[in-house]
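# Commentary on secondary and tertiary structure
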Amino acid sequence: MVEYDPFSWAAAHNPYPIYQQLRDEAPVYHNEKHKFWALTRYEDVIAGHLNVEDLSSAQGVTIQAQEAGAPFLILKDPPDHTAHRRIIGRLFTPRRIAEMEPFIRATAAGMLDELRDADRFDVVGDFAYKLPLDVIGELLGIPQSYREQIHELSEHIKNRDEDGNMSQQGMEATIGLAVLLAELVRERRANPGNDVITMLMNTPVEDPGGSQSLLSDDDLAGRFLELAFAGHETVASLIPNGVVALAWNPDARRELAASPELMPNAVEEMLRWDPPSQYQGRTTTRDLRIRGTVIPEGERVILVTGAAVHDERQYAAPDTFDVHRDIDRHVSFGFGRHLCLGASLARMETRVAFEELLKRFPDFDVDAAGAERHININVRGLSKLPLVVEKRATAS
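Just so we're clear, the structure is a prediction, and the values are computed from it rather than from any experiment.

## Points about the overall build of the protein chain
Within the protein chain one finds 15 helices and 14 strands. Here the C-alpha radius of gyration of the protein chain, 21 Å, is about what a compact globule of 396 residues would show, namely 21 Å. Once the C-alpha set of the protein chain is aligned to its principal axes, its extents read approximately 60 × 60 × 40 Å. When the 396 residues of the protein chain are sorted by exposure, 57% land in the buried category. Across the protein chain, contacts joining residues at least 24 apart in sequence account for 72% of those joining residues at least 6 apart. Carbon together with sulfur atoms contributes 50% to the accessible area of the protein chain, which is approximately 16,700 Å² in total.

## Quick notes on the nonpolar core
Membership of the largest hydrophobic core comes to 84 residues, with the highest contact counts inside it found for Phe121, Leu131, Ile150, Val243 and Leu357. With 14 residues, the single largest contributor to this core is helix H11 (residues 217-248). In contact with Ile150, not counting residues within four places along its chain, are Leu133, Ile142, Leu177, Leu180, Leu181 and Ala228.

## Looking at the side chain of Asp311
With respect to the helices and strands, the residue Asp311 is situated in the loop between helix H14 (305-308) and helix H15 (343-360). Residue classification places Asp311 among the buried positions, given a relative accessible area of 1%. A polar contact is formed between the side chain of Asp311 and the backbone nitrogen of Tyr42, at a distance of 2.9 Å. Once you skip the residues sitting within four places of it in the chain, Asp311 turns out to touch Arg23, Arg41, Tyr42 and Pro318.

## Side note on the pairing of strand E1 (residues 28-31)
On any regular strand, side chains alternate: one points to one face of the sheet, the next to the other face. As paired elements, E1 and strand E2 (residues 36-39) share four bridges and run antiparallel to each other. Counterpart to Tyr29 in the pairing with E2 is Ala38. Between E1 and E2, which follow one another and run antiparallel, lie four residues, and Lys35 among them has a positive phi close to 60°.

## Details of the sheet that holds E1
One open sheet holds the five strands; their spatial order is E1-E2-E10-E7-E3, and the pairing between them is mixed. Whereas interior strands pair on both sides, the edge strands pair on one side only; in this sheet they are E1 and strand E3 (55-56). Both E3 and strand E7 (residues 280-284) contribute to a ladder of two bridges, which runs antiparallel. Counted as the bridge partner of Ser56 is Thr283 from E7. In the packing of helix H3 (residues 42-50) onto the sheet, the strands contacted are E2, E3, E7 and strand E10 (300-303), and the crossing angle to E10 comes to about 120°.

## Some thoughts on the packing of aromatic side chains
Within a pair of aromatic rings, the relevant descriptors are the distance that separates the centres and the angle that separates the planes. All told, the structure shown has eight aromatic pairs when counted by the stated rule. Centre to centre, the rings of Trp248 and Trp273 are 5.8 Å apart; their planes meet at 90°, and the pair counts as edge-to-face. Of this pair, Trp248 sits in helix H11 while Trp273 sits in helix H13 (residues 263-273), placing them 25 residues apart in sequence. Judged by relative accessible area, Trp248 falls into the exposed class, the value being 59%. For Trp273, a relative accessible area of 10% translates into the label buried. Geometrically, the ring pair formed by Trp273 and Phe321 is edge-to-face, given 5.7 Å between the ring centres and 70° between the ring planes.

## Details of H15
Between its first and last C-alpha atoms H15 spans 26 Å; for 18 residues at 1.5 Å apiece the expected length is 26 Å, and the two agree. Of all the 18 residues making up H15, 15 are buried; the element is thus mostly covered by neighbouring parts of the structure.

## With respect to the pattern of salt bridges
Close approach of charged atoms allows side chains of opposite charge to pair. Here the structure, examined in full by the defined rule, presents 26 salt bridges. Across the pair Arg313 and Asp24 runs a salt bridge, and its minimum N-O distance is 3.1 Å. Of this pair, Arg313 sits in the loop between H14 and H15 while Asp24 sits in helix H2 (residues 16-25), and the two are 289 residues apart along the sequence. Residue Asp24 is classed as partly exposed on the basis of its relative accessible area of 40%. Residues joined by salt bridges that share partners form a network here, namely Glu101, Arg105, Asp113, Arg116, Arg351, Glu355, Glu356, Lys359 and Arg360.

## Points about the environment of Leu55
Mapped onto the secondary structure, Leu55 falls in strand E3. Sequence separation between Leu55 and Gly298 is 243 residues, and the spatial gap between their C-alpha atoms is 9.5 Å. The contacts of Leu55, once residues within four sequence positions are left out, are Gly48, Arg282, Thr283, Thr284, Leu288 and Val301.

## Side note on the confidence of the model for the protein chain
In the predicted model, the protein chain carries a mean pLDDT of 87, and 92% of its residues have values of at least 70. Note that residues 392-396 has pLDDT below 50 and, in this model, 17 contacts with residues that lie over four places away or in other chains.

## So, the packing of helix H5 (residues 94-113) against H15
To describe two helices that pack against each other, one gives the angle between their axes and the distance between the axes. Axis separation between H5 and H15 bottoms out at 9 Å; the angle between their running directions is 35°. Between H5 and H15 lies a crossing of right-handed hand. Every residue of H15 that contacts H5 at Ile97, Ala98, Glu101, Ile104, Arg105, Ala108, Ala109, Leu112 and Asp113 is listed here: Ser344, Leu345, Met348, Glu349, Arg351, Val352, Ala353, Glu355, Glu356, Leu357, Lys359 and Arg360. Partitioning the contact of H5 with H15 into residue classes produces eleven nonpolar, one polar and nine charged.

## Some details on the packing of helix H7 (residues 130-140) against H15
Axis separation between H7 and H15 bottoms out at 11 Å; the angle between their running directions is 135°. Classed by the angle they form, the pair H7 and H15 counts as oblique. H7 and H15 meet at a crossing whose hand is right-handed. Along its contact with H7, which presents Leu131, Pro132, Val135 and Leu139, the element H15 presents Leu345, Glu349 and Ala353. Within the contact of H7 with H15, the residues separate by chemical class into six nonpolar, no polar and one charged.

Parameters at a glance
- Residues numbered from 1 in each chain as written.
- Predicted model: local features only at pLDDT ≥ 70, side-chain atom pairs only at ≥ 80, totals over all residues.
- Heavy atoms only, no water.
- Helix = DSSP H or I, 4+ residues; strand = E, 2+ residues; numbered from the N terminus.
- Rg over C-alpha atoms; globule rule 2.2 N^0.38 Å.
- Buried < 20%, exposed > 50% of the residue type's maximum accessible area, 1.4 Å probe, protein only.
- Contact = heavy atoms within 4.5 Å.
- Areas by Shrake-Rupley, 256 points an atom, 1.4 Å probe, with all protein chains shown as cover.
- Core = buried A, V, L, I, M, F, W, Y, C linked by side-chain atoms within 4.5 Å.
- Polar contact = N/O pair within 3.5 Å; in protein donor to acceptor, adjacent residues only side chain to side chain.
- Pairing = 2+ DSSP bridges.
- Axes fitted to C-alpha atoms, helices over the stretch in contact; angles between N-to-C directions.
- Phe/Tyr/Trp six-rings, centres within 6.5 Å; stacked < 30°, edge-to-face > 60°.
- Expected span 1.5 Å × (residues − 1).
- Salt bridge = Lys/Arg side-chain N within 4 Å of Asp/Glu carboxyl O.
- pLDDT = per-residue confidence, 0-100.
- Left-handed = near helix turned anticlockwise from the far one by under 90°.
- Nonpolar A, V, L, I, M, F, W, Y, C, P; charged D, E, K, R; others polar.
- Parallel < 35°, antiparallel > 145°, perpendicular 65-115°, else oblique.

The following block contains the structure:
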């Protein structure tokens, strides 16, 4: 009988064999200890994302649901979700994202140039977390003095113990980050400028009845907390996950170094092969029958992204990393109404990060013994990954 405990060290280290067992033996799985159900087949995960009437986000999107009640967009259901998403969507227009590329490239290049004489460095601490932090800070207009604090607090927030509980330090960090961003909101209210924060403050939200109101300070702080955390942590995890993929597949790494035009598709494969977000939580609003099993009303259901993108019913040889794979679609950024608003920015950041990394370090390996992985909410990534540089090339 297959057992799945997402908070165990075994699952954190390598959940993919467990996912295969779940898909084959228990595609509608119930965990009595943590009181959740898990859907792991691709078509069921897609259907779950689309079924916003029966699977609600409002009661939390993690198993423990300690975030429930927070003013986050991801915790809203339609129609409230629709109005708030429309406002935040203004941050991620194609034009605005395209305008970010020169900044992203210059920032990535500058960070990597500082490491060009190193024989080894921590690709997480020295590069992967710093780049998206500066990018989301630039996009939102967060001052440099706030950014390091945001990262440090975010690191504490996402960690969980083996029972899935947030530590006291994590709870204090959540409060600390909310307070930090609330201070920023108050400062902008007192001193409005030509920036994103001021724009959001002055953009009205229309409710289902047609009435309009401005976002409250709590709502604004919630938006920034959500964007700063998700916009930073996703890419900070995706980059080292992709580095591992290229270290384990040196032929693919050499091909990408020689043919950078392949990088956009390679990024899609990185997202599919080892996605940062491993599951998205929902709560049933009525009894729901899936594959002959009834999930009662009020139960926690997780849509297991990491299992769906390795479903051999959808992808041939899913455990193989293939930069030429023809990927019609995947669920690594969610799907449907809750599709990640920052997906295009995350794709660009990751593409540019690897283009610049491979210009300078086309041949590398990772020190597996020095790598560190931790149990966290639903984000799969590394807190430390030593990169051992074998040969270096001159950046162009």
